[in-house]
Amino acid sequence: MAAKRRTAASPDPRTDCSREGLRKAVLDNLFYATGHAQENAARGDWYTAVAYTVRDRMLKAWVQGIERIAADGDVRCVAYLSAEFLIGPQLGANMLALGITEPMREALASLGQDLDAIVFHEPEPGLGNGGLGRLAACFMDSLATLGVPAIGYGIRYEFGMFRQAIEDGAQVELADKWLRRPFPWELPRGGQQYEVRLGGKTHMETAPDGTLRVQWTPAKTVTACAHDIPVVGHGGTHCNLLRLWRAEAVEAFDFSTFNAGEYFSSVHDKIFSETITKVLYPNDDPYQGKQLRLGQQYLFVSASLQDMLHIHHSLGKPLETFHTTFAIQLNDTHPAVAVAELMRLLVDVHGMDWDTAWSVTTQTFAYTNHTLLPEALEKWPLPLFAEVLPRHLEIVYEINRRFLESVTAAHPEDPDLARRLSLIDETSPRFVRMAHLATVGSKAVNGVAALHSELLKRDVLGDLAAFFPEKFTNVTNGVTPRRWLALCNPALAACISNRIGTRWQDHFEEEIIRLEEFADDPDFQAQWQAAKLTNKQRLTHLAKTILRVELDPAALFDVQVKRIHEYKRQHLNVLRVIALYNRLRRNPGMDFVPRAVIFGGKAAPAYYLAKQIILLVNRVAEVVNTDPAVAGRLRVAFVPNFNVRSGQVIYPAADLSQQISLAGKEASGTGNMKFGINGAVTIGTLDGANVEMRACVGEENFFLFGLTTDEVQAVQRAGYSPAAHLEGNPELAEALDQIRSGVFSRGDAGCFRPLVDNLLHRDEYLVLADFASYMDCQDRAARTYADPAAWTRMSILNVARLGMFSSDRSIREYCRNIWNVPVE
Ligand code: B1N
């Protein structure tokens, strides 16, 4: 009664979302959380005060979300296991979800503060490399928005993805100290800690009931500590959990060694333990067999499964029904050791018989594959695996023994099949094939775009797919329209909402198609163009302040931002820029649509050719941007440290989205979707999700070029010769020659030799083969851009018809086809 009276008279200061309530709360937090009075608070202090104010307004839904999972055993909870969650800045997204952006903006304005500047101040947790980690974050957003109970389990890296600086044109990696200031969106959960064992030996022991059980005596034990981040759905009612594990020493000090005077070795254990979650491996595709990485994977998998078993147990349900409490999704094979770990927990720790445990396990897991590059499939050398996880290796052997028995029984006619399907690759030094372990241990396996799923079945996992045809399926990726349109592009969002209302934010596929009818409406076109111009000005400002490069907002903004990789072919883009430059120089009076070519992306620190590509982009920029013959009609910019935050500025400003990977190499791509829903038109190959995007927007609204997957395979079978493509193409020969001779390396002829030699003699990704077709297609794009009404129509139709690329649609498909979880 008393509480009720207070609500009526004066609202709760911690949940009040009125302008005045927010103003008071921000001031209160400014003083009590940062210890600063208004007069001497810095931008970071204001950020902290605003973040705590928003967090307070999320806590009720947050606590209810946890309680719901822990109390309702009838609803299957999704556990999304991922080594990466690239969640991006939180403040803006959370205010949007709660619907308090505008009152907060006004509250801060009344205090003389600019909300946008405060939002921009937030350091972002770079807990992922790129698409795979960002996908996990989009999926968490959609799960919460759709009201599906879910926990994301991952790793709280102390240092996330490195910060990229460009020094004299080259990439330099700097440590990402995102935790220098406390991260306001996490709550350390002292109560949720689990011990994780590593190394050591196993032996058989007789249990009290007389049965034999395996005992694992580890060499080391570390503690995994939970840190929870709330994921609030659109509308603010449903909140899920992102639970990230940090490794800690079981005991900070080994006192016996300490007392013996061995100070350094006593600290050693603490250091070893904390090293496990110290840093994210910054390689996206090529896999590296590093012992510490296996330790990271196992730590978060083991802690997560122990946590799930704890929750399951607290519901009072029998262990055999574990799969009715949780549906576990393996985001690539990084958490695939979970298959062996769940078996270990069920059989060794809880005494379940093998067959029942295997039945529970294979009803629990599903596995998403994210790559078509065979060299990117994870395989752990047996000696390394045995050293870190001796018991798990025995379990893998036993899974494999039973599996191969069934293989031989089913296909006596193919004696080689067992070798091809085996969980163990027998080539020396012998490896555990993690994709095989994940497939055998899961009830469903999916690729991330239609083409990718087909190629998985045909090539990469062909034998497994033939053996388990019922397991293989597709779920095309999607991106959240909240962050990737409503939040990052307020100008376009307002333009859209003025016509069709705001329901598109959480019913994207259903609503956004309604824009189609306005595609030729001159008023709407004018508003659309104005929104794009605003965004281009925003990016122009960024380029000017951080790069001192002057872009022209009237130019065609032509953008390629993504990880730097040969298969993504940023060098094809650069060759094109050089060819355009040469045309302009030869013929300064030519009709030329002004272009701003913008690049961004990180190279794995040890990926030499990717780093050469970055240097080349910057060297070409240096020459082109300062050449008076070009007179600003062609500009090149490399935006350093591409991440979620800069993506939020870059995607909305693009006219043309470069999706130019070699067909058959990009599993899906998700940047293509982010560009598309922000009104960029795609120039691309028939690769990954481009194929489905083109089918949706219509072939007349997509700039297609390049070889198809089948043509690529045919060329490679016949024996590819890059040199053949030089003869008929003087523009290409000239560009390569200029790179080789030092035109773009201040006269240093040796500088780009590795890159040029690779293109001339190997060219694994058929850059030269696709060059002519790419140039033609670029010319078509420029001609279309010269007709603003035609271009704007294309841009509107792209947005209107890309509704299916909302991650809400992806998540619905996972719920219905894979997890068997109810969803609206
Ligand atoms: O996953 C994305 C896809 O859209 C991209 O096409 C795909 O390249 C990307 C090892 C990876 N595949 N594999 C990785 C990341 C980190 C790592 O340590 C591999 N990332 C992708 C989402 O489906």
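Calculation rules
Residues numbered from 1 in each chain as written. Predicted model: local features only at pLDDT ≥ 70, side-chain atom pairs only at ≥ 80, totals over all residues. Heavy atoms only, no water. Helix = DSSP H or I, 4+ residues; strand = E, 2+ residues; numbered from the N terminus. Rg over C-alpha atoms; globule rule 2.2 N^0.38 Å. Buried < 20%, exposed > 50% of the residue type's maximum accessible area, 1.4 Å probe, protein only. Contact = heavy atoms within 4.5 Å. Areas by Shrake-Rupley, 256 points an atom, 1.4 Å probe, with all protein chains shown as cover. Lys, Arg positive; Asp, Glu negative; His and termini not counted. Charge placed at Lys NZ, Arg CZ, Asp CG, Glu CD. Phe/Tyr/Trp six-rings, centres within 6.5 Å; stacked < 30°, edge-to-face > 60°. Lys NZ or Arg CZ within 6 Å of the ring centre and 35° of its normal.

Looking at an unreviewed UniProt entry, one finds the protein chain named Alpha-1,4 glucan phosphorylase, with Megalodesulfovibrio gigas as its source organism.

S.K.: Quick question: what am I supposed to make of the overall build of the protein chain here?
M.R.: When helices and strands are tallied, the protein chain shows 36 helices and 22 strands. Taken over C-alpha atoms, the radius of gyration comes to 28 Å for the protein chain, in line with the 28 Å a tight globule of 824 residues would show. Projected onto its principal axes, the C-alpha positions of the protein chain cover 90 × 80 × 60 Å. Among the 824 residues that make up the protein chain, the fraction classed as buried is 60%. Considering only intrachain contacts with a sequence separation of at least 6, the fraction spanning at least 24 residues in the protein chain is 76%. Surface exposure of the protein chain reaches about 31100 Å², of which carbon and sulfur atoms provide 53%. Charge-centre separation for the protein chain: the mean point of 85 positive side chains lies 3 Å from the mean point of 97 negative side chains.

S.K.: What is the right way to look at the packing of aromatic side chains in this model?
M.R.: Aromatic ring pairs: the centre-centre distance and the angle between the two ring planes describe each pair. Summed over all chains, the structure comprises 23 aromatic pairs. Relative to W791, the ring of F703 lies with its centre 6.0 Å away and its plane at 20°, an arrangement referred to as stacked. On the criterion of sequence distance, the pair formed by F703 in strand β22 (residues 703-704) and W791 in helix α35 (residues 788-801) is long-range, its members being 88 residues apart. Across the pair, W791 and F703 agree in class, each one buried. When the ring of Y785 is compared with that of W791, the centres are 5.1 Å apart and the planes differ by 80°; the resulting orientation is edge-to-face. Across the pair, W791 and Y785 agree in class, each one buried. An aromatic cluster of three or more residues is present, and its members are Y80, F85, F139, Y814 and W819. Over the face of the ring belonging to F272 we find K220, whose NZ or CZ atom lies 4.5 Å from the ring centre.

S.K.: Looking at this model, I keep getting lost on the environment of G478. Mind explaining?
M.R.: Within the fold, G478 resides in the loop between β16 (472-474) and α21 (482-487). Accessibility expressed as a relative area gives 0% for G478, which makes it buried. The spacing of G478 and C138 is 340 residues in sequence and 7.8 Å in space, taken between C-alpha atoms. Here G478 is in contact with L135, C138, F139, M673, F805, S806, S807 and S810, once residues within four sequence places are set aside.

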